[in-house]
Amino acid sequence: GQNIDQPTEMTATEGAIVQINCTYQTSGFNGLFWYQQHAGEAPTFLSYNVLDGLEEKGRFSSFLSRSKGYSYLLLKELQMKDSASYLCAVRGRDYKLSFGAGTTVTVRA
Amino acid sequence: KAGVTQTPRYLIKTRGQQVTLSCSPISGHRSVSWYQQTPGQGLQFLFEYFSETQRNKGNFPGRFSGRQFSNSRSEMNVSTLELGDSALYLCASSLDDRSHYGYTFGSGTRLTVV
């Protein structure tokens, strides 16, 4: 099975940078996903990593280290609309997607 | 293109009843997954279907079942509802279960069991 850990809450100021860490233990690995979920809405896809390294997409970047079972999502130039829950999800050997409990990010003016 | 459509959006049922939820994936997507989301447990995987076959199943009791039709639409059924089944049920579709484009989620069906 999978064990996925991420912090419960983070708070940052508008314009700042926030890094959300995700550690996982998995039986097999077929990729790691990050999703954003605003309250009352569906999760939306942010990024996918399957190889070690950094993937950059505008203000959002995601990093993966498979040997350490570690990933982070970096949010730069924070905006109020970035206040949301961020979900780390790992796809295991059986291609099932398992989610962490999510990190609620609050952006303050 | 149209997104993932889930119906109904809201549902109130009584303990002991059964319920059927529907999910229409994005056109061309053949993989459909179902998740249960609750404040305490987060997103929990229920099952995944690909080309009408169940490919994966989560750790839920047999009261939870699903199926996929030839047009890739999927339904999930919960029988003998319990209060603890109250949750947001999310459906996600992808081109295939090996997709690296991620899974597109529908808006969900919020089920309340009273």
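First, a word on what this report is: a plain description of the structure on this page. (Residues numbered from 1 in each chain as written. Chains lettered and ligands numbered in written order. Predicted model: local features only at pLDDT ≥ 70, side-chain atom pairs only at ≥ 80, totals over all residues. Heavy atoms only, no water.)

## Here we look at the side chain of Gln68 of chain B
Residues and elements named next belong to chain B.
And step 1. In this fold, Gln68 is placed in strand β7 (residues 64-68).
And step 2. By relative accessible area, which is 7% here, Gln68 ends up buried.
And step 3. Side-chain polar atoms of Gln68 contact the backbone nitrogen of Glu52, separated by 2.9 Å.
And step 4. Only 3.2 Å separates the side chain of Gln68 from the backbone oxygen of Ser72, close enough to count as a polar contact.
And step 5. The residues touching Gln68, leaving out its near neighbours within four places in the chain, are Arg30, Val32, Tyr49, Phe50, Ser51, Glu52, Thr53, Arg73 and Ser74. (Helix = DSSP H or I, 4+ residues; strand = E, 2+ residues; numbered from the N terminus. Buried < 20%, exposed > 50% of the residue type's maximum accessible area, 1.4 Å probe, protein only. Polar contact = N/O pair within 3.5 Å; in protein donor to acceptor, adjacent residues only side chain to side chain. Contact = heavy atoms within 4.5 Å.)

## Comments concerning the sheet that holds strand β8 (residues 70-75) of chain A
Residue and element names in this part refer to chain A.
And step 1. The strand order across the open sheet built from 5 strands is β1-β3-β8-β7-β6, with neighbouring strands paired in antiparallel fashion. Here the strands that pair on one side only, and so sit at the sheet edges, are β1 (3-5) and β6 (53-57). Strand-to-strand twist across the sheet, computed as the mean angle between neighbouring axes with direction ignored, equals 15°.
And step 2. Pairing geometry for β1 and strand β3 (residues 18-25), over 3 bridges, is antiparallel. Each residue of the ladder has a partner; that of Asp5, found in β3, is Thr23. (Pairing = 2+ DSSP bridges. Axes fitted to C-alpha atoms, helices over the stretch in contact; angles between N-to-C directions.)

## Details of the nonpolar core
And step 1. Trp34, Leu46, Phe64, Met76 and Tyr89 of chain B are the most contacted members of the largest nonpolar core, which has 21 residues in total.
And step 2. With near-sequence residues (within four places) excluded, Met76 of chain B lies in contact with Val19, Thr20, Leu21, Trp34, Leu46, Phe47, Phe64, Ser65, Gly66 and Tyr89 of chain B. (Core = buried A, V, L, I, M, F, W, Y, C linked by side-chain atoms within 4.5 Å.)

## Overview of the state of the cysteines
And step 1. Applying the stated criterion across every chain, the model contains 2 disulfides over all chains.
And step 2. Note on cysteine connectivity: Cys22 of chain A is disulfide-linked to Cys88 of chain A, with sulfurs 2.0 Å apart. Taking the torsion about the S-S bond as the criterion, the Cys22 of chain A to Cys88 of chain A disulfide, at about -70°, is left-handed. Here the residue Cys22 of chain A occupies a position in strand β3, and Cys88 of chain A occupies one in strand β9 (residues 84-91), the gap between them amounting to 66 residues. There is no split in this pair, since Cys22 of chain A and Cys88 of chain A are both buried.
And step 3. Put simply, Cys23 of chain B and Cys91 of chain B are joined by a disulfide, and their sulfur atoms are 1.7 Å apart. Between Cys23 of chain B and Cys91 of chain B, the disulfide has an S-S torsion of -50° and is therefore left-handed. Of this pair, Cys23 of chain B sits in strand β3 (residues 19-24) while Cys91 of chain B is found in strand β9 (residues 87-94), placing the two residues 68 residues apart along the sequence.
And step 4. Assessed through its relative accessible area of 0%, Cys23 of chain B is described here as buried. (Disulfide = S-S within 2.5 Å.)

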